[in-house]
Amino acid sequence: GVAAPLLLMKSNGGVAGAAAIRRAPAQTALSGPAAGVVGARAVCAAAGVADLITVDIGGTSADICLIAKGEIGLTQHGRVGPWPLPLPMVDMVTIGAGGGSIALLGETGSMTVGPQSAGADPGPACYGRGGTAATVTDAHLVLGHLPARLLGGRMALDASLARQAVRRVADGLGLPIEDAARGILAIADNNMVGAIRVVSVERGHDPRDFTLVPFGGAGPLHGCALADLLGITRVLVPPSPGVLCAQGLLAADLKAEFSRTVAQAVEHADTARLDGAFTALEAEATAWFAQEAVAAEDRSTRRVALMRYEEQGHELPIPWPVDGDLTALGREFAASHHNLYGFDLPEVAVEIVTLRVEAAGALPTPAASLPQGGDAAGAITGHQTIRLPGGPVEAPIIDRALLGPGASFAGPAIVTQLDATTLVAPGWQARIDASGALLLTR
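Residues numbered from 1 in each chain as written. Predicted model: local features only at pLDDT ≥ 70, side-chain atom pairs only at ≥ 80, totals over all residues. Heavy atoms only, no water.

*Asks:* Looking at this structure, I do not really get the overall build of the protein chain. What am I missing?
*Replies:* Each helix and strand counted, the protein chain has nine helices and 27 strands in total. For the protein chain, whose C-alpha radius of gyration is 24 Å, the value lies close to the compact-globule estimate of 22 Å for 442 residues. C-alpha atoms of the protein chain, sized along the principal axes, occupy 70 × 55 × 40 Å. In the protein chain, buried positions account for 46% of the 442 residues. (Helix = DSSP H or I, 4+ residues; strand = E, 2+ residues; numbered from the N terminus. Rg over C-alpha atoms; globule rule 2.2 N^0.38 Å. Buried < 20%, exposed > 50% of the residue type's maximum accessible area, 1.4 Å probe, protein only.)

*Asks:* How do you make sense of the nonpolar core when you look at a structure like this?
*Replies:* The tendency in soluble globular proteins is for nonpolar side chains to be buried side by side. By size, the foremost hydrophobic cluster in this structure holds 56 residues, and its most contacted members are Leu236, Met307, Trp320, Ile352 and Leu355. Aside from chain neighbours lying at most four places away, what touches Leu236 is Val43, Cys44, Ala47, Val49, Thr211, Leu212, Val213, Pro214, Ala437, Leu438 and Leu439. (Core = buried A, V, L, I, M, F, W, Y, C linked by side-chain atoms within 4.5 Å. Contact = heavy atoms within 4.5 Å.)

*Asks:* Where do I start with the environment of Gly131 in this structure?
*Replies:* Checked against the element boundaries, Gly131 lands in the loop between strand S12 (111–117) and helix H3 (136–142). Between the C-alpha atom of Gly131 and that of Ala118, which follows or precedes it by 13 residues, the distance is 7.2 Å. Residue contacts for Gly131: discarding those within four places in its chain leaves Pro122, Gly123 and Ala125.

*Asks:* Whenever I open this one, unusual backbone geometry confuses me. Can you help?
*Replies:* Glycine aside, negative phi is the norm for most residues, and most peptide bonds take the trans geometry. In this chain, Asp121 is followed by Pro122 through a cis amide linkage whose omega measures 10 degrees. In this fold, Pro122 is placed in the loop between S12 and H3. Note that the residue after Gly411, namely Pro412, is joined by a cis bond; omega there is 5 degrees. Mapped onto the secondary structure, Pro412 falls in the loop between strand S23 (408–410) and strand S24 (413–417). The phi torsion at Leu30 lies on the positive side, around 65 degrees, for a residue other than glycine. By the element assignment, Leu30 lies in the loop between helix H1 (18–23) and helix H2 (31–46). For Leu30, a relative accessible area of 39% gives the class partly exposed. Backbone geometry places Ala293, a non-glycine residue, at a positive phi of 55 degrees. Position of Ala293 among the secondary structure elements: in the loop between helix H8 (271–291) and strand S18 (299–309). Accessibility expressed as a relative area gives 67% for Ala293, which makes it exposed.

*Asks:* What's the story with the side chain of Asp138 in this structure? I'm lost.
*Replies:* Position of Asp138 among the secondary structure elements: in helix H3. The charged side chain of Asp138 is buried without a salt bridge, its nearest counter-charge being Arg168 at 8.0 Å. Apart from residues no more than four positions distant in its own chain, Asp138 is found in contact with Pro124, Ala125, Cys126, Ala133, Ala162 and Val166. (Lys, Arg positive; Asp, Glu negative; His and termini not counted. Salt bridge = Lys/Arg side-chain N within 4 Å of Asp/Glu carboxyl O.)

*Asks:* I'm lost on the packing of aromatic side chains in this one. Help?
*Replies:* Each aromatic ring pair is specified by the distance between its two centres and by the angle formed by the two planes. Enumeration according to the criterion identifies five aromatic pairs in this entry. With a centroid separation of 5.4 Å and 50 degrees between ring planes, the pair formed by Trp288 and Phe289 is classed as tilted. For Trp288, a relative accessible area of 6% gives the class buried. Considering the side-chain rings of Tyr309 and Phe333, the 4.9 Å spacing of their centres and the 75 degrees angle between planes classify their relative orientation as edge-to-face. Residue Tyr309 is found in strand S18, and its partner Phe333 is found in helix H9 (residues 326–341); the two are separated by 24 residues along the sequence. Of the residues examined, Tyr309 reaches a relative accessible area of 2% and is grouped as buried. Pairwise contacts between aromatic rings join Phe258, Trp288 and Phe289 into one cluster. (Phe/Tyr/Trp six-rings, centres within 6.5 Å; stacked < 30°, edge-to-face > 60°.)

*Asks:* Got a minute to help me understand the packing of helix H5 (residues 177–199) against helix H6 (residues 219–230) in this structure?
*Replies:* Any two packed helices are characterised by the angle at which their axes cross and by the distance between the axes. Two elements in contact, H5 and H6, have axes whose closest approach is 10 Å; the angle formed by their N-to-C orientations is 60 degrees. One finds that H5 runs oblique with respect to H6. Between H5 and H6 lies a crossing whose hand is right-handed. Within the contact between the two elements, H5 uses Leu185, Asp189, Asn190, Met192, Val193, Ile196 and Arg197 and H6 uses His222, Ala225, Leu226, Leu229 and Leu230. For the contact of H5 with H6, the class distribution of residues is eight nonpolar, two polar and two charged. (Axes fitted to C-alpha atoms, helices over the stretch in contact; angles between N-to-C directions. Parallel < 35°, antiparallel > 145°, perpendicular 65-115°, else oblique. Left-handed = near helix turned anticlockwise from the far one by under 90°. Nonpolar A, V, L, I, M, F, W, Y, C, P; charged D, E, K, R; others polar.)

*Asks:* Would you mind going over H9 with me for this structure?
*Replies:* Working note: α-helix, 3.6 residues per turn, so residues spaced by three or four point in the same direction. The end-to-end C-alpha distance of H9 is 22 Å, a good match for the 22 Å that 16 residues give at a rise of 1.5 Å each. Where H9 is concerned, the buried positions are Leu326, Leu329, Gly330, Phe333 and His337. Seen end-on, H9 carries its buried residues on one side only, within an arc spanning 100 degrees. Exposed side of H9, more than 90 degrees from the buried face: Thr327 and Arg331 are the residues found there. The elements touched by buried residues of H9 are H8, S18, strand S19 (316–319) and strand S20 (350–361). Put simply, Asp325 is the residue that caps the front of H9, since its side-chain oxygen is 2.9 Å from the backbone nitrogen of Thr327. Two residues or fewer after H9 comes Gly342, characterised by a positive phi angle close to 90 degrees. (Expected span 1.5 Å × (residues − 1). Arc of directions from axis to C-beta. Polar contact = N/O pair within 3.5 Å; in protein donor to acceptor, adjacent residues only side chain to side chain.)

Limitation: the analysis is restricted to geometry and does not speak to function.
Pasting the structure below:
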């Protein structure tokens, strides 16, 4: 009885009908994490944030992406395991770091965290499903970062099993159990910081200019710690961080890319040939719009050139000038190369390798569910001891569902909700935005 069309998520951050996916199912590889990035952009747009770094932390992996000025970058150099996947996909970095990541002691006595994961079955030791290895989740529980029950009270955590698991690591290191738990989290956080630097510093961006957006079931537990390590002073936790990938499916528009290799030096380019190639690609886009039944007013296309210096192995996507000015195109490529790598090569020829037309069909924006609660004092459901490096402190447990727009409180605090737990560290101030996002400022 559902009259809506069947749409499937693609790794480029858009959706398409089943017919398009059936012809090229590889377009769906890594589409789940891509949906999370789309959802994060939508949440941040509602809160007036356009420059953000997303950190999607689940049970096994952390998927990290940078969005500048509201634009989700694409790459054609993605990989699935050892296999290259030269299709346009959201430009992300993925590492083995999540709530189930296992802490292991090496033969030299050093500790690693991940990429091995306890997964969902048996899961962290504290789940009581037979897991015995110490995980990131167990470390959080030992330090008091998690409440005794999750999922709205339906799932109990066993703190004694978590302590047993972490104690085995602590004994191997000769440390008190709390210090070992902090070490597990510090290693996991620094692994993620390294990945964040890949999408930011190594690509010409200062992470301090961005808002950190942690989501996934485990993301909001790490938001403040990651921000502190990076010098970021603003963290945004989406209204429903644990299911943001699902919400991203609803926020995604129809998207497709059409490309053609031309391999011409900018200096000697045949402008007529290039324009003819773009015209042919736009005709393909028009046929796709018709196939997906996109109304004329909801259609948009953009011309892009994939460019490189002669004999380079990777290309940069450069928007095509409206007037087709190739000199301006070359200057824009040099500026982008300098911004990304810190230098340009004016004496080396610039090549246009591929022309691409990016087509998008706008879909209706889903209605937002805004918070209806009150102030922070009325949302406190209890208190819990958090074990900080300087000693234990009592922190309030706050039910996010009871917080209304404008509600504010200072850390340390534990914010609970059905799909995630947020740790507000000392030195951080929290406020509920009118959009429903939880804004944390240093």
